[in-house]
Amino acid sequence: MAVTDDAILRVRGMIVSGELRPGDRLPREADLAERLGLSRNSLREAVKALSLVRVLDVRQGDGTYVSSLRADELLGALSFVLDLHRGDDSVLEVLEVRRVLEPAAAAMAATRASTEDIAVLRSLCDESETADSVERLVEHDLEFHRRIAQVSGNAYLAQLLDTLAGPTVRARIWRGISQGGATDRTIAEHRAIVAALAAGEPELARSWSTVHVAGVEQWLREIRE
């Protein structure tokens, strides 16, 4: 593993330095291995690892290329990892990360939200109130938080939050919220966030977003006890 790790670092170094750019084709395996002072086997394992996290794109019969390195592609690997960890502890840790990032996104969105953005968010709140299933609630919830992240204007933050969204986890949470009779309160928190965005109040938006995510986190902690 140490040899493979070294090979990964060397290939990554070529990308970070700009020697290899998005879309570039890697040199032939034998040539690259010799150039980096690696065995062909360790280079092959490094390429496999980097292709799994979508840094490299292996095209059968055509060679290996550096991927587009877009945030949405690279974070897709994180989404896969999160899907594998669905225990309560993992869910709580993800919520802790969301509690840090979502309020920041809401505060940024408060300075950038357009009239159209506010109208869409209010419409999502209305649709949540008339949703006839947990699946519909999850759908509206995902779109609500996704829209705010996009309005923040930071593509990396938006993609990271979208990756952390976890529809499977959200479905479980919304099922519990519905059974616990807390749906109205949760939607009211959504409306409070929208009101802060509409008023152009970053700190108010940050506060309501913190209350919202922390409330979900607290609910999950309580049902574990």
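These remarks concern the structure in this document.

The rules behind the values
- Residues numbered from 1 in each chain as written.
- Predicted model: local features only at pLDDT ≥ 70, side-chain atom pairs only at ≥ 80, totals over all residues.
- Heavy atoms only, no water.
- Pairing = 2+ DSSP bridges.
- Helix = DSSP H or I, 4+ residues; strand = E, 2+ residues; numbered from the N terminus.
- Axes fitted to C-alpha atoms, helices over the stretch in contact; angles between N-to-C directions.
- Parallel < 35°, antiparallel > 145°, perpendicular 65-115°, else oblique.
- Left-handed = near helix turned anticlockwise from the far one by under 90°.
- Contact = heavy atoms within 4.5 Å.
- Salt bridge = Lys/Arg side-chain N within 4 Å of Asp/Glu carboxyl O.
- Buried < 20%, exposed > 50% of the residue type's maximum accessible area, 1.4 Å probe, protein only.

1. Considering the pairing of strand β2 (residues 63-66)
Each regular strand displays side chains that alternate between the two surfaces of the sheet.
Line of reasoning, step 1. For strand β1 (residues 56-59) and β2, the ladder comprises four bridges, and the chain directions are antiparallel. From the neighbouring strand, leucine 56 faces β2, where its bridge partner is valine 66.

2. As for the packing of helix α7 (residues 134-151) against helix α10 (residues 183-198)
Line of reasoning, step 1. In the contact formed by α7 and α10, the axes pass within 12 Å of each other and the chain directions differ by 20°. By the criterion of interaxial angle, the relationship of α7 to α10 is roughly parallel. Regarding α7 and α10, the two cross each other, and that crossing is left-handed. The segment α7 lies against α10, with Leu137, Asp141, Phe144, His145 and Ile148 engaging Thr183, His190, Ile193, Val194 and Leu197.

3. So, the pattern of salt bridges
Line of reasoning, step 1. Scanning all chains against the criterion turns up 16 salt bridges.
Line of reasoning, step 2. Here arginine 185 makes a salt bridge to glutamate 189, at a shortest N to O gap of 3.8 Å. With arginine 185 and glutamate 189 both in helix α10, this residue pair falls four residues apart, about one helical turn.
Line of reasoning, step 3. Under the relative-accessibility criterion, glutamate 189 is labelled buried at 10%.
Line of reasoning, step 4. The network of salt bridges with shared partners includes Glu29, Arg40 and Arg44.

4. Some words on unusual backbone geometry
Line of reasoning, step 1. You will see that arginine 54, though not glycine, has its phi angle at about 65°, which is positive.
Line of reasoning, step 2. Structurally, arginine 54 is set in the loop between α3 (40-52) and β1.
Line of reasoning, step 3. Phi is positive for leucine 69, close to 60°, though the residue is something other than glycine.
Line of reasoning, step 4. Among the secondary structure elements, leucine 69 is positioned in the loop between β2 and α4 (71-84).
Line of reasoning, step 5. With relative accessibility at 26%, the residue leucine 69 sits in the partly exposed group.

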